[in-house]
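Listed below, chain by chain, are the residues.
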Amino acid sequence: ALPVSAADRPNILFIFTDDHAYQAVGAYNSRLKDYCPTPNIDSLANDGMLFERCYVTNSICGPMRAAIQTGKYSHANGFLVNGNKFDGTQQTFPKLLQKAGYQTAIYGKSHLKGKPQGYDDWAVLPGQGLYYNPDMIFPDGRRRIDGYCTDVVTDLAVDWLKNKRQKDKPFMLMVQHKAPHRHWQPAPRHLAYLDDVDIEEPANLFDDYSGLGTAAKVQDMEIATTLTKNDLKLVPQRGLDEKQTALWNAAYQPKNAELGRSKLEGDELVRWKYQRYLKDYLRCIKAVDENIGRMLSTLDELDLTRETVVIYSSDQGFFLGEHGWFDKRFMYEECYLTPLIVRWPGVVPAGQVDENLVSNLDYAQTFLDLAQVSAT
């Protein structure tokens, strides 16, 4: 393949989160939009195109990443469930872009085991990774980085854009956040965010599953019974240093003490669990949105905005109290539908909404098409 220059191929910035439900993206105009402003994600929709019907092929973390890398369904790429090992020898879109002269880099959650292939630079979380002070695996080894994971991943991506890329070549940069995956540890600066708010409940928070099949009745993802003390922040948290622990305790201990005094039971306890779960989930998203703002500002600072396609998406949807549930893995709308927003200045008109059925299986081929690179 002939080398390509930044002048005749767009850069590709792919920002990816884990379990970010469309209900928690302001631009999707959901019931939670007033509780969860996402101004930076929404700005991409305002300046580009929002896809209303982007559906995943397999609503679970690792298989979705394998599908995006390969453009193949799970049965074809060999990664069907978390715990499988990804066959890195198979063809992937970053390998093809790299061969065609693109610089490629990935930072954050990979969840495919092994070293990423097809990337000029990378740093990935081991497995699911930690929210606080995460270990990361670099080409030269594994080391811990102090800080909050969403900030850390963005720091690495910004540093690559500013200091490591070759300015005469186009790039494909994947920024893949752990957040807002279970068990939803917010950044220190957001521990009290939403404390003074009661978040609207879904109409079916107390669904009795009448008319639904056996799976709905025997699932293990009920807010009422499945959320653990760790999920609900009723026990000490992993990974925090002394300063972070002090901030955490100052935020959560008074709220937990109030719960103890209230002696809630039945539906009122479920309502409390829903509020704790949703607030922590939305707090994690607040840090994501802030850091997307940092990425967009960096493009502006480096005068890269007009020549960069920015894609925002997540690996699947998530239940945010609907049917009384959290988690994913069911072929319900809340799990199956995932956010997809694209900004391409000068090419995609601002404020567009696309209602066609699309899938994250399409991403790999689309990235190749953007770069004018053949899949063969």
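Relevant structure appears above.
Residues numbered from 1 in each chain as written. Predicted model: local features only at pLDDT ≥ 70, side-chain atom pairs only at ≥ 80, totals over all residues. Heavy atoms only, no water.

Counting its secondary structure elements, the protein contains 10 helices and 12 strands. Rg of the C-alpha trace for the protein: 21 Å, near the compact-globule value of 21 Å for 376 residues, within the 12% margin. Dimensions of the protein, computed from the C-alpha atoms along their principal axes, are close to 70 × 50 × 40 Å. When the 376 residues of the protein are sorted by exposure, 58% land in the buried category. Across the protein, the fraction of contacts at a sequence separation of at least 24, relative to all contacts at a separation of at least 6, is 74%. For the protein, the exposed area adds up to about 15,700 Å²; of that, 50% sits on carbon and sulfur atoms. The centroid of the 42 positive side-chain charges in the protein is displaced by 6 Å from the centroid of its 49 negative side-chain charges. (Helix = DSSP H or I, 4+ residues; strand = E, 2+ residues; numbered from the N terminus. Rg over C-alpha atoms; globule rule 2.2 N^0.38 Å. Buried < 20%, exposed > 50% of the residue type's maximum accessible area, 1.4 Å probe, protein only. Contact = heavy atoms within 4.5 Å. Areas by Shrake-Rupley, 256 points an atom, 1.4 Å probe, with all protein chains shown as cover. Lys, Arg positive; Asp, Glu negative; His and termini not counted. Charge placed at Lys NZ, Arg CZ, Asp CG, Glu CD.)

Here Ser-210 lies in the loop between strand 8 (171–176) and helix 6 (214–218). Sequence spacing of Ser-210 and Lys-109 is 101 residues, and the spatial spacing of their C-alpha atoms is 38 Å. In terms of polar contacts, Ser-210 uses its side chain to reach the side chain of Asp-208, at 3.0 Å. (Polar contact = N/O pair within 3.5 Å; in protein donor to acceptor, adjacent residues only side chain to side chain.)

Another aspect to go through is the packing of aromatic side chains. Throughout the structure, instances matching the rule amount to 23 aromatic pairs. Consider the rings of Trp-160 and Phe-171, whose centres lie 5.8 Å apart with planes at 85 degrees: the pair is edge-to-face. Taken together, the residues Trp-160 in helix 5 (residues 149–164) and Phe-171 in strand 8 connect sequence positions 11 residues apart. Across the pair, exposure class does not vary: Trp-160 and Phe-171 are buried alike. Taking the centre distance of 5.9 Å and the plane angle of 15 degrees together, the rings of Tyr-281 and Phe-318 count as stacked. (Phe/Tyr/Trp six-rings, centres within 6.5 Å; stacked < 30°, edge-to-face > 60°.)

This paragraph deals with unusual backbone geometry. Going from Ala-179 to Pro-180, the amide bond is cis rather than trans, its omega being -5 degrees. Counting through the fold element by element, Pro-180 comes out in the loop between strand 8 and helix 6. Between Arg-182 and His-183 the backbone carries a cis peptide bond, its omega angle lying at 15 degrees. Positive phi is not limited to glycine here, since Leu-194 has a value of about 75 degrees. Tracing the backbone shows Leu-194 in the loop between strand 8 and helix 6. On the basis of relative accessible area, Leu-194 is assigned to the buried category, the value being 7%. Of note, Asp-327 is a non-glycine position whose phi angle comes to about 80 degrees, a positive value. As for its position among the elements, Asp-327 is in the loop between strand 9 (308–314) and helix 9 (333–336).

Let us now look at the nonpolar core. If you look at the biggest cluster of nonpolar residues, it comprises 79 residues, and the most contacted ones within it are Tyr-107, Leu-173, Tyr-277, Tyr-281, Leu-282, Met-295 and Leu-320. Ranked by the residues each element gives to this core, the list is headed by helix 8 (residues 266–301), at 14 residues. Residues within four places of Met-295 in sequence aside, it is in contact with Leu-13, Ile-15, Thr-154, Ala-157, Val-158, Leu-161, Leu-173 and Val-175. Membership of the second largest hydrophobic core comes to 31 residues, among which are Phe-14, Met-49, Ala-100 and Val-124. (Core = buried A, V, L, I, M, F, W, Y, C linked by side-chain atoms within 4.5 Å.)

For the rest of this paragraph, the subject is helix 7 (residues 242–262). Spacing of three or four residues puts side chains on the same side of an α-helix, whose turn is 3.6 residues. Taking 1.5 Å per residue as the helical rise, helix 7 with its 21 residues ought to reach 30 Å, and the 30 Å between its terminal C-alpha atoms agrees with that figure. At Asn-249, helix 7 shows its maximal kink, close to 30 degrees. For helix 7, the complete set of buried residues consists of Gln-244, Trp-248, Ala-251, Tyr-252, Lys-255, Asn-256 and Leu-259. Contacts from the buried residues of helix 7 go to helix 8. A side-chain oxygen of the first residue of helix 7 lies 3.2 Å from the backbone nitrogen of Lys-243; this N-cap is Asp-241. At the exit of helix 7 stands Lys-263, carrying a positive phi of roughly 50 degrees. (Expected span 1.5 Å × (residues − 1). Bend = angle between axes of the 7 residues up to and from the residue.)

What follows is about the pattern of salt bridges. Per the counting criterion, the structure on display carries 21 salt bridges. The partner of Arg-142 in a salt bridge is Asp-135, with the nearest N and O atoms 3.1 Å apart. By relative accessible area, Arg-142 is classed as exposed at 53%. For Glu-268, the salt bridge identified is with Arg-271, shortest N-O distance 3.0 Å. (Salt bridge = Lys/Arg side-chain N within 4 Å of Asp/Glu carboxyl O.)

At a closest axis distance of 12 Å, the pairing of helix 7 and helix 8 adopts a crossing angle of 165 degrees. With respect to their mutual orientation, helix 7 and helix 8 come out roughly antiparallel. Judged by the twist between their axes, the crossing of helix 7 over helix 8 is right-handed. In contact with Tyr-252, Lys-255, Asn-256 and Leu-259 of helix 7, helix 8 contributes Leu-269, Trp-272, Arg-276, Asp-280 and Arg-283. Classifying every residue of the contact of helix 7 with helix 8 by side-chain character gives four nonpolar, one polar and four charged. (Axes fitted to C-alpha atoms, helices over the stretch in contact; angles between N-to-C directions. Parallel < 35°, antiparallel > 145°, perpendicular 65-115°, else oblique. Left-handed = near helix turned anticlockwise from the far one by under 90°. Nonpolar A, V, L, I, M, F, W, Y, C, P; charged D, E, K, R; others polar.)

Residue classification places Asp-327 among the buried residues on the basis of a relative accessible area of 10%. Here the side chain of Asp-327 touches Arg-329 through a polar contact of 2.7 Å, side chain to side chain. Look past the residues within four positions of Asp-327 in its chain and what remains in contact with it is Met-221, Phe-318 and Phe-319.

Attention now moves to the packing of helix 1 (residues 39–47) against helix 8. For the pair helix 1 and helix 8, the least separation of the axes is 7 Å and the interaxial angle reads 55 degrees. The angle between helix 1 and helix 8 places the two elements in the oblique class. From helix 1, Pro-39, Asn-40, Ile-41, Ser-43 and Leu-44 reach across to helix 8, where they touch Asp-289, Glu-290, Ile-292, Gly-293 and Leu-296. For the contact of helix 1 with helix 8, the per-class residue count stands at five nonpolar, three polar and two charged.

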